[in-house]
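Understanding the architecture of this molecule
Below, each chain spelled out in residue letters.
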Amino acid sequence: MGLLSDPVRRRALARLVLRLNAPLCVLSYVAGIAWFLALAFPPLTQRTYMSENAMGSTMVEEQFAGGDRARSLARDFAAHRRKSGALPVAWLERTMRSVGLEVYTQSFSRKLPFPDETHERYMVSGINVYGILRAPRAASTESLVLTVPCGPDSTNSQAVGLMLALAAHSGQIYWAKDIIFLVTEHDLLGTEAWLEAYHDVNITGMQSSPLQGRAGAIQAAVALELSSDVVTSLDVAVEGLNGQLPNLDLLNLFQTFCQKGGLLCTLQGKLQPQDWTSIDGPLQSVQTLLLMVLQQASGRPHGAHGLFLRYRVEALTLRGINSFRQYKYDLVAVGKALEGMFRKLNHLLERLHQSFFFYLLPALSRFVSIGLYMPAAGFLLLVLGLKALELWMQLHEAGVGPEEAGENPPHPLTQGVGLASLVAPLLVSQAMGLALYILPVLGQHVATQHFPVAEAEAVVLTLLAIYAAGLALPHNTHRVVSTQAPDRGWMALKLVALIYLALQLACITLTNFSLGFLLAASMVPAAAITKPSGPRALYAALLVLTSPAATLLGSLFLWRELQEAPLSLTEGWQLFLATLAQGVLEHHTYGALLFPLLALGLYPCWLLFWNVLFWK
Amino acid sequence: MWPRVLPGRDNVTDNGNIKHQREKAALSQGWGHWEVEAAAGMAAPVRIFLLVLLLLGPGGWGRAEPPRDSLREELVITPLPSGDVAATFQFRTRWDSELQREGVSHYRLFPKALGQLISKYSLRELHLSLTQGFWRTRYWGTPFLQAPSGAELWAWFQDTVTDVDESWKELSNVLSGIFCASLNFIDSTNTVTPTASFKPLGLANGTDHSFLRYAVLPREVVCTENLTPWKKLLPCSSKAGLSVLLKADRLFHTSYHSQAVHIRPVCRNARCTSVSWELRQTLSVVFDAFVTGQGKKDWSLFRMFSRTLTEPCPLASESRVYVDVTSYGQDNETLEVYPPPLTTYQDVILGTRKTYAVYDLLDAAVVSNSRSLNIQLKWKRPPENEAPPVPFLYAQRYVSGYGLQSGQLSTLLYNTHPYRAFPVLLLDTVPWYLRLYVHTLTITSKGKENKPSYIHYQPAQDRMQPHLLEMLIQLPASSITKVSIQFERALLKWTEYTPDPNHGFYVSPSVLSALVPSVVAAKPGDWEESPLFNSLFPVSDSSSYFVRLYTEPLLIEEPRKGGLVKRLANLIRRARGVPPL
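Bear in mind the structure is a predicted one, so any value in this text is a computation, not a measurement. Residue indices begin from 1 for each chain and proceed along its sequence in written order. Chain A is the first chain written and ligand 1 is the first ligand written, with later ones labelled in order. Where totals are concerned, whole chains, interfaces and linings use all residues; where local detail is concerned, this predicted model gives features only for residues with pLDDT of at least 70, and gives and counts side-chain atom pairs only at 80 or more. Water and hydrogen atoms play no part in the side-chain values, which are based on all heavy atoms of the structure.

Focus on the overall build of chain B
In this text, helices come from DSSP runs of H or I with a minimum length of four residues, and strands from runs of E with a minimum of two, each type numbered from the N-terminal end. Secondary structure summary: chain B contains 12 helices and 26 strands in total. With 581 residues in all, chain B has 53% of them scored as buried. Only the protein chains shown count as covering a residue, and every accessible area follows the Shrake-Rupley method with a 1.4 Å probe. Within the structure as shown, chain B displays about 26,100 Å² of accessible surface, and the carbon and sulfur contribution to it stands at 55%. Only protein chains enter the calculation, and the probe is 1.4 Å; a residue is then buried if its accessible area is under 20% of its type maximum, exposed if over 50%, and partly exposed in between.

The following block contains the structure:
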């Protein structure tokens, strides 16, 4: 306390901060990035362990042997699907009823805000079919869900076959939680429709018929994607909508059964590194970690499970991969793993809550807890704090004067001018953000009338046009500034922008670390060094390269590079355009928050720095 | 509804009764002393009387003086529309004794533990049920008697009781001991006094509902430890008669298990000149055809209970097995019962005409042929996997919304009758920690607002009493009525969390009481002579029948304190020298 209240010491401290500011900032930034990369190495990654007692020591014996049945059901399903061209609802109802389930259907329809060119759909209507296995030992207060999303492009018929065979096998006395076997049409749209109807809410403007059968509070869900009779490995996806993750125990459970059944299991399509002592293992885990960070930062559900997380249902997606590996597993192995998982989930007394909800995964059996990864983002945000402190002190000293003048009058005067000059740039940049958020979807019809483009293209091009137009605006926003103190104007603006950015990034980091860290890593350096003097062209180039859109483009390249499917420039641009459209669509159909976050939060903030750069 | 007891009539009927009442007046002076003497003096005559009764046997009904107590046992086996099989046991002990007024000390068939309860706490009626699983009305049809999952207790007290709450508390604690159940968790936070839903089932002179208490414990787990004391109340225990089938390992290997005790006063004779006490012990189980029969729907007593019937209970005056052989389709030849029944019974049960095959265990021919009776049912043609017929009334309840702050309780009431509307009494009990927003109560049928003709709402008091909401709602023909009300979760003190707080908190089921229109009008029969499953609820008129349904209980997540708070508290406790939490 004495340190800050004593004016002499305070001045000394201030001088220290001002003098060492640049090296401190560089050091902090480097420390942040280095810390993040170090997360993949053993002292910071820990082995995963099962925290939930109810699932730990109680081993179950899997007895599933319905491989042939699963295959024949899958064939039947595929044949009926080909014949009708849509989900064979009647066949599903009949089959589910014959294995003793209570069967219900739900029809839904949704008009997308603009045509989805990736999935080729606009006016969507479909029917979900689900069957409930009633647990004999409980009054339908709790349930588990096994869901198979069927889309127009992913047939997923083996998954349906396996699910039905499991349902036929599941008529046992030991169930204490109802099991819902759900087949959704139009993959995630159907899942969203079903979830909204199950919880009797309407978030995304979906029209659907009310559900006739329910089974209490859903405790956990597993989504299954299988498209071949044999698999070489099972890939597990955890990242959900807006970067939400299921409880780590659910993943541990999956991993337990991978080991027990001798299955080859992958995360982000990458095998576990075997050798942690040499450099190869950690390098591979850096790749896996980066892939997870990119996936989580995108905020899009990495499978049908991602939509369950909003309703506090722990969920993950299992994907059967059939590659060119030698050893193949049949459906029995996958079925046994699923049976085991469900039986253990059946043992749960409480919702999964013991283990971590915030974690990063450098490998399937390794994790980084929130306490260990947060410093990485903390170091990056510290740069903004230090810079803001420096600016504030410079502003303060400029106002008070170098000779430590006792008179106060300059204070209110200069501060008043400084704040007034901030109103216009803040308002203009926020208005740009609002336009970016609203206009593309609203104005798509106007655009298609005047230009020879389709709706989806119109949305994306409007988006880019407004984004670029924002760059041209700042030159005419600061006419009101007095000429008295030319530096004070941009300093005040930059101070506000730094604090605004730091606040936004801190909030994002708390809920979705990956997104916060990625944005901080790209935006912080440019934000820290931008000023209207010096090599302006260089600053401008740096600022453009680290703008939110450029970060997105860069992430796409990095993502494909890590997946060992590198993109050419034109492909990258095509993918970028498609991603923009998907981002807007996912905001409207599932409530993904990345688009509004970038449009309403980070883009206006970035425009402020642009404004600082071109301050006259 | 019921012939009322006229107080004056008692004295006119016979002089003995008057004399008895004088004695009783004297008794009330020096109660304990007299009781001992009376017991000693009566032992011998009663023994002789019993001997006579035994010698006379069931055939001697008409000739001898009617016995003071009697036992009827009955098992109804109903193949359910879904393919499952329901078995309902009923053991009815009737005692022609004024339990309340006499210092009764000699008990024969009527269990003493319950008889003493009645006199000690001045009970008029007592209904206790312990249930595991949930009766799925939509697929299993309307039950004879449903019970909510967990424990349910309701009791009417005599109007002489001054402190009803105190008696209620003591009663639940005593019952807790008798039935090894956690009924001692019944306190003011889960007890309500319904105004309309739970009318007395027996004789009643007045229905001042302030003498009624009702509580449900949805969290209660029912197991063999509850079955054993229940079986011990039976006169033949599980040694003979129908009760040999009551083997715990089979009874709890079912989709639904509900055991109950109902005590009520009934008329002693047709003119209802005096009161008898009736104890009904009921036990319903539903066997899952898919689990036990591997998809085949044939069943036999042995396959269900792993026992067969060998002899009737020697104390029983009636011991019968009814098997529902009503065929739903056009074709009569779909199912076959073996051994072929000697008699059949036809009546209108729950609004539809039913046919039952009857096996009377007291009829020597039934058992003696093979020394054991193993009733079997075979389907000649397997029933089609079609959607089962839907009952006229069923309901579903769920929580809407997500997140830990607010939500909505919704109840869907289905009336599938094609052209008849009928009213339903809906009772909701909601714990205090869900703060109901009463202004959000909406009832909609067929897209239109449905105004209830009667609403009784009693708001909750924090940590004192739950919300009570009772409504009389008219359900239009073939409609779904949605009753919804929004709530906000209150923060609990951390000592108020139950163990395993992440499991969630239970909200007890809604109770629906309704007079459902019958398909076939029932003809009024002799109540005392009709089978037990047909005489549970009083019949008011023949065009409708009474049904009480329960929805599923709800599990609601409550916001919990994080580990940080607990750690901080532990730090403080350590500083104070108190053991940590």
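Read on, since the account is not over.
Re the nonpolar core
Residues and elements named next belong to chain A. With 197 residues, the main nonpolar core has Leu-162, Trp-194 and Leu-338 as its most contacted residues. Per element, the largest residue contribution to this core is 13 residues, and it comes from helix α21 (residues 594-613). Throughout, a contact is declared for two residues whenever any of their heavy atoms are within 4.5 Å. Ignoring anything within four residues of it in the chain, the contact list for Trp-194 reads Gln-106, Asn-128, Tyr-130, Val-145, Ile-180, Leu-182, Leu-211, Ile-218 and Phe-308. Only buried residues count toward a nonpolar core, which is a set of Ala, Val, Leu, Ile, Met, Phe, Trp, Tyr and Cys residues joined through side-chain atoms within 4.5 Å.

Brief notes about the UniProt feature "transmembrane region" (unreviewed entry) in chain A
All names here are of chain A. UniProt positions are given in the numbering used here, feature names are shortened, and annotations may be inferred rather than shown by experiment. As recorded in UniProt, the sites labelled "transmembrane region" (unreviewed entry) are residues 20-41, 356-384, 417-439, 451-473, 493-526, 538-559 and 593-615. Between the end C-alpha atoms of residues 451-473 the distance is 24 Å, and the span holds 78% helix and 0% strand. Secondary structure across residues 593-615 divides into 87% helix and 0% strand, with the first and last C-alpha atoms of the span separated by 32 Å.

Quick look at the environment of Ser-157 of chain A
Residue and element names in this part refer to chain A. Note on placement: Ser-157 falls in helix α7 (residues 157-169). A residue is classified by how much of its surface remains accessible, and Ser-157, at 7% relative accessible area, is buried. Along the primary structure Ser-157 and Leu-250 are separated by 93 residues, whereas in three dimensions their C-alpha atoms are 25 Å apart. Not counting residues up to four positions away in its chain, the partners in contact with Ser-157 are Ala-74, Phe-77, Ala-78 and Leu-226.

Description of helix α17 (residues 513-529) of chain A
All names here are of chain A. When the terminal C-alpha atoms of α17 are compared, their 24 Å separation across 17 residues agrees well with the 24 Å that a helix rising 1.5 Å per residue should span. To get the bend at a given residue, fit one axis to the seven residues ending there, fit another to the seven starting there, and take the angle between those axes. Where α17 bends most, the angle comes to about 40°, and this point is Met-523, followed within four residues by the proline Pro-525. Burial runs high along α17: 14 of the 17 residues are buried. Multiply 1.5 Å by the residue count of a helix minus one, and that product is the helix's expected span.

Considerations on the interface of chain B and chain A
On the side of chain A, 35 residues touch chain B, which itself brings 35 residues to the contact. For the pair chain B and chain A, the summed buried surface comes to about 2,900 Å²; carbon and sulfur atoms form 51% of the total. The salt bridge definition used is simple: a Lys or Arg side-chain nitrogen within 4 Å of an Asp or Glu carboxyl oxygen. Our count for the contact surface shared by chain B and chain A stands at 3 salt bridges. As a salt-bridge pair, Glu-557 of chain B and Arg-312 of chain A come within 3.4 Å of each other at their nearest N and O atoms. The term buried area denotes the loss of accessible surface (1.4 Å probe radius) that occurs when two parts are joined, taken as the sum for both partners.

A look at unusual backbone geometry
That bond from Tyr-338 of chain B to Pro-339 of chain B is cis: its omega, -5°, falls within 30 degrees of zero. Inspection of the secondary structure assignment puts Pro-339 of chain B in the loop between β11 (335-338) and β12 (343-349). At Asp-187 of chain A, a position not held by glycine, the phi torsion is positive, near 20°. Residue position: Asp-187 of chain A is located in helix α8 (residues 187-198).

Some remarks on the sheet that holds strand β3 (residues 121-133) of chain A
Strand pairing in a sheet takes place through backbone hydrogen bonds and is either antiparallel or parallel in direction. Residues and elements named next belong to chain A. Across the sheet, 9 strands lie side by side as β6-β2-β3-β5-β4-β7-β10-β8-β9; this open sheet has mixed pairing. Both outer strands of the open sheet, β6 (207-208) and β9 (265-267), are each paired with one neighbouring strand and no more. A pair of strands is considered paired only if DSSP assigns at least 2 bridges between the two. Summarising the sheet, β3 and strand β5 (residues 178-185) pair through 5 bridges and their orientation is antiparallel. Among the inter-strand pairings, Gly-131 is bridged to a residue of β5, identified as Phe-181. Contacting β2 (102-116) and β3, helix α20 (residues 569-590) runs over the sheet at an angle of about 135° to β2. To obtain an axis, a line is fitted to C-alpha atoms, over the contacting stretch when the element is a helix, and the angle between two such axes runs from 0 to 180 degrees between their N-to-C directions.

Some remarks on the sheet that holds strand β19 (residues 448-449) of chain B
Residues and elements named next belong to chain B. Across the sheet, which stays open at both edges, the 5 strands sit in the order β15-β16-β22-β18-β19 with antiparallel pairing between neighbours. Each of the sheet's edge strands pairs with one partner strand only, and the pair in question is β15 (393-400) and β19. With 8 bridges connecting them, β15 and strand β16 (residues 406-415) associate as antiparallel partners. For Leu-393, the partnering residue across the bridge sits in β16 and is Asn-415.

Quick word on a nonpolar patch on the surface
Residue and element names in this part refer to chain A. On the surface, a cluster of nonpolar side chains totalling about 410 Å² of accessible area is made up of Leu-13, Leu-16, Leu-20, Leu-24 and Leu-27. Secondary-structure elements contributing two or more residues to the nonpolar patch are α2 (7-19) and α3 (21-38). Mapped onto the fold, Leu-13 is located in helix α2. Under the relative-accessibility criterion, Leu-13 is labelled partly exposed at 33%. What goes into a patch is any residue over 30% in relative accessible area without a salt bridge, connected to like charges within 9 Å or, for nonpolar side chains (Val, Leu, Ile, Met, Phe, Trp, Tyr), within 5 Å.

Points about the confidence of the model for chain B
Residues and elements named next belong to chain B. This prediction gives chain B a mean pLDDT of 81; 81% of its residues lie at or above 70. Across residues 1-44, confidence stays below pLDDT 50; counting only partners more than four residues off in sequence or on other chains, it has 35 contacts. Residue range residues 50-67 is modelled with pLDDT below 50. Its contacts to residues more than four positions away, or to other chains, number 9 contacts. Of the two predicted TM-score estimates for the complex, the pTM is 0.88 and the ipTM is 0.88. As a per-residue measure, pLDDT reflects the predictor's confidence and takes values from 0 up to 100.

Quick notes on the pattern of salt bridges
A side chain of one charge can pair with a side chain of the opposite charge when the charged atoms of the two come close. Per the counting criterion, the structure on display carries 29 salt bridges over all chains. For the salt bridge of Glu-557 of chain B with Arg-351 of chain A, the shortest nitrogen-to-oxygen distance reads 3.6 Å. Within this pair, whereas Glu-557 of chain B is found in the loop between β26 (554-556) and α12 (563-576), its partner Arg-351 of chain A is found in the loop between α11 (331-346) and β11 (359-363), the two belonging to separate chains. Given the relative accessible area of 11%, Glu-557 of chain B is considered buried. Relative accessible area serves as the criterion here: at 9%, Arg-351 of chain A is assigned to the buried category. Between Lys-451 of chain B and Glu-449 of chain B there is a salt bridge, and its shortest N-O distance comes to 3.8 Å. One exposure class covers both Lys-451 of chain B and Glu-449 of chain B, and it is exposed. Bridged by salt links that share partners, the residues Arg-312, Glu-314 and Arg-351 of chain A together with Glu-557 of chain B form one connected network.

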